[in-house]
Amino acid sequence: MGDSGDLKLIDDSGKRLDGRKLDELRPIKIEANVLRRADGSAYLEWGGNKILAAVYGPREAHPRHLQDPTKAIVQCRYNMAAFSVMDRKRPGPDRRSVEISKILSEALAYVVFTEQFPRTSIDVFIEVLQADAGTRCSGLTAASVALADAGIPMKDLIVSCAFGKVGGKVVLDLYKEEDNLGEADVPIAVVPRTEEIVLLQMDGHLTVEELNHGLTMTMDACKYIYGLQRDALKNRYSTGMDNEENPKEASK
Ligand code: CDP
């Protein structure tokens, strides 16, 4: 969060610098089952974000001391490619990616029926190929499609989206400039069917009224994105797909 100085992030007609309305999402495209060697996968483009998610498992957890005799563990690794941001990112985990990996693992573990797979690990890899703010939300949204694609039993998909405050207004789905120069950034993740919140972080300052307004706006957006996730899964598994198009069928 920073100071936008003289730059007006909302113009006189109430539009944002990228032309969006306050409650408008960036364009989102989701494709399920894009990798042949993973048990489940998804590719997602969300504005300037490009994200690949791959899932392996449930498989025996290693090292063995990680095993839980009562349930599976969900281990998510969020990684930003060196070329994903303006200044080359140093490869490998850093404090930020370790923290994001932890909170995304916990959000995903909430919807997976982990007790059905004791002693196993479900490994989720999120690779950020291009970043433009909101990568944890995009990554989580893609990861939940990849989990469903892997056939892992879940209560529901998880959908994630951020809202924030820029130029004094509560807005949906910040892009990079708004993230840098705005007054607040609040990524959330929800279980759309039950409207439960499984992740909520806040950077910046908001009134209770602004927070409530932002949450309502983001919950509505998440329900829309939920439709895109389900369409991505339906498209991949609907009949009439030829084998070359469907890696899982082709490898049989
Ligand atoms: O991506 P997300 O909004 O979940 O996380 P953030 O920590 O709020 O980062 C916002 C944006 O800053 C990222 O999406 C990247 O575009 C950028 N960033 C960067 O340029 N270099 C980093 N090492 C980390 C983030």
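Below you will find a few notes about this structure. (Residues numbered from 1 in each chain as written. Predicted model: local features only at pLDDT ≥ 70, side-chain atom pairs only at ≥ 80, totals over all residues. Heavy atoms only, no water.)

Overview of the overall build of the chain
Thought 1: When helices and strands are tallied, the chain shows 5 helices and 10 strands.
Thought 2: Taken against the 2.2 N^0.38 rule, which gives 18 Å for 252 residues, the C-alpha radius of gyration of the chain at 19 Å falls within 12% of a compact globule.
Thought 3: Every one of the 252 residues in the chain was classed for burial, and the buried ones make up 48%.
Thought 4: Counted over contacts in the chain with a minimum sequence separation of 6, partners at least 24 positions apart contribute 67%. (Helix = DSSP H or I, 4+ residues; strand = E, 2+ residues; numbered from the N terminus. Rg over C-alpha atoms; globule rule 2.2 N^0.38 Å. Buried < 20%, exposed > 50% of the residue type's maximum accessible area, 1.4 Å probe, protein only. Contact = heavy atoms within 4.5 Å.)

So, the site of the ligand
Thought 1: Residues in contact with the ligand, as listed here, are Met-80, Val-85, Arg-96, Ala-131, Asp-132, Ala-133, Gly-134, Thr-135, Arg-136, Lys-176, Asp-179 and Asp-185.
Thought 2: Within the backbone of Gly-134, an N or O atom sits 2.8 Å from an oxygen atom of the ligand.
Thought 3: Between the ligand and the protein, one listed contact pairs an oxygen atom with a side-chain N or O atom of Arg-136 at 2.7 Å.
Thought 4: Residue composition of the shell around the ligand, grouped by class: 4 nonpolar, 2 polar and 6 charged. (Near = heavy atom within 4 Å. Polar contact = N/O pair within 3.5 Å; in protein donor to acceptor, adjacent residues only side chain to side chain. Nonpolar A, V, L, I, M, F, W, Y, C, P; charged D, E, K, R; others polar.)

Some thoughts on the packing of helix α2 (residues 135-149) against helix α4 (residues 208-237)
Thought 1: Two elements in contact, α2 and α4, have axes separated by 10 Å at closest approach and are oriented at 35°. Here the hand of the crossing between α2 and α4 comes out right-handed. Contacts from Thr-141, Ser-144, Val-145, Ala-148 and Asp-149 of α2 reach α4 at Ile-225, Gln-229, Leu-233 and Tyr-237. (Axes fitted to C-alpha atoms, helices over the stretch in contact; angles between N-to-C directions. Left-handed = near helix turned anticlockwise from the far one by under 90°.)

Regarding the environment of Phe-125
Thought 1: Among the structural elements, Phe-125 can be located in strand β5 (residues 120-130).
Thought 2: Relative accessible area serves as the criterion here: at 26%, Phe-125 is assigned to the partly exposed category.
Thought 3: With 18 residues separating them in the primary sequence, Phe-125 and Ala-143 have C-alpha atoms 7.8 Å apart.
Thought 4: Leave out the neighbours within four places in its chain, and Phe-125 touches Leu-52, Ala-53, Ala-54, Tyr-56 and Arg-77.

Topic: the packing of aromatic side chains
Thought 1: The tally for this structure, following the rule as stated, stands at 1 aromatic pair.
Thought 2: One Lys or Arg, Lys-155, reaches over the ring of Tyr-110 and ends 4.0 Å from the middle of that ring. (Phe/Tyr/Trp six-rings, centres within 6.5 Å; stacked < 30°, edge-to-face > 60°. Lys NZ or Arg CZ within 6 Å of the ring centre and 35° of its normal.)

Notes on the packing of helix α1 (residues 95-111) against α2
Thought 1: Here α1 crosses α2 at 40°, and the two axes come no closer than 11 Å. Overall, the two elements α1 and α2 adopt an arrangement that is oblique. The hand of the α1/α2 crossing is right-handed. On α2, the residues touching Arg-96, Glu-99, Ile-100, Ile-103, Leu-104, Ala-107 and Leu-108 of α1 are Thr-135, Arg-136, Leu-140, Ala-143, Ser-144 and Leu-147.
Thought 2: Among the residues making up the contact of α1 with α2, the classes are represented as 8 nonpolar, 2 polar and 3 charged. (Parallel < 35°, antiparallel > 145°, perpendicular 65-115°, else oblique.)

So, the environment of Ala-38
Thought 1: When you line up the elements, Ala-38 lands in the loop between β1 (28-32) and β2 (40-46).
Thought 2: Sequence spacing of Ala-38 and Met-86 is 48 residues, and the spatial spacing of their C-alpha atoms is 29 Å.
Thought 3: The contact partners of Ala-38, leaving out residues within four places of it in the chain, are Ala-54, Val-55 and Tyr-56.

A few points about the environment of Tyr-226
Thought 1: Position of Tyr-226 relative to the elements: it lies in helix α4.
Thought 2: You can call Tyr-226 buried: its relative accessible area is 13%.
Thought 3: Residues Tyr-226 and Ser-160, spaced 66 residues apart in sequence, show a C-alpha to C-alpha distance of 9.3 Å.

What to know about α2
Thought 1: Relative to the 21 Å expected for 15 residues at 1.5 Å per residue, α2 spans 21 Å between its end C-alpha atoms, a close match to the ideal helical length.
Thought 2: Counting buried residues along α2, 14 of its 15 residues qualify, which places the element largely inside the surrounding structure.
Thought 3: Positioned one or two residues after α2, Gly-151 has a phi angle of 80°, which is positive. (Expected span 1.5 Å × (residues − 1).)

Details of the state of the cysteines
As used here, a disulfide is simply a covalent bond connecting the sulfur atoms of two cysteines.
Thought 1: For the structure on display, the rule yields 0 disulfides.
Thought 2: You can see Cys-76 has no disulfide; the closest cysteine sulfur is in Cys-137, sitting 13 Å from it.
Thought 3: What makes Cys-76 buried here is its relative accessible area of 8%.
Thought 4: For the unlinked cysteine Cys-161, the closest cysteine sulfur is that of Cys-222, found at 5.3 Å. (Disulfide = S-S within 2.5 Å.)

So, to be careful, I would describe these as geometric facts and stop short of saying anything about function.
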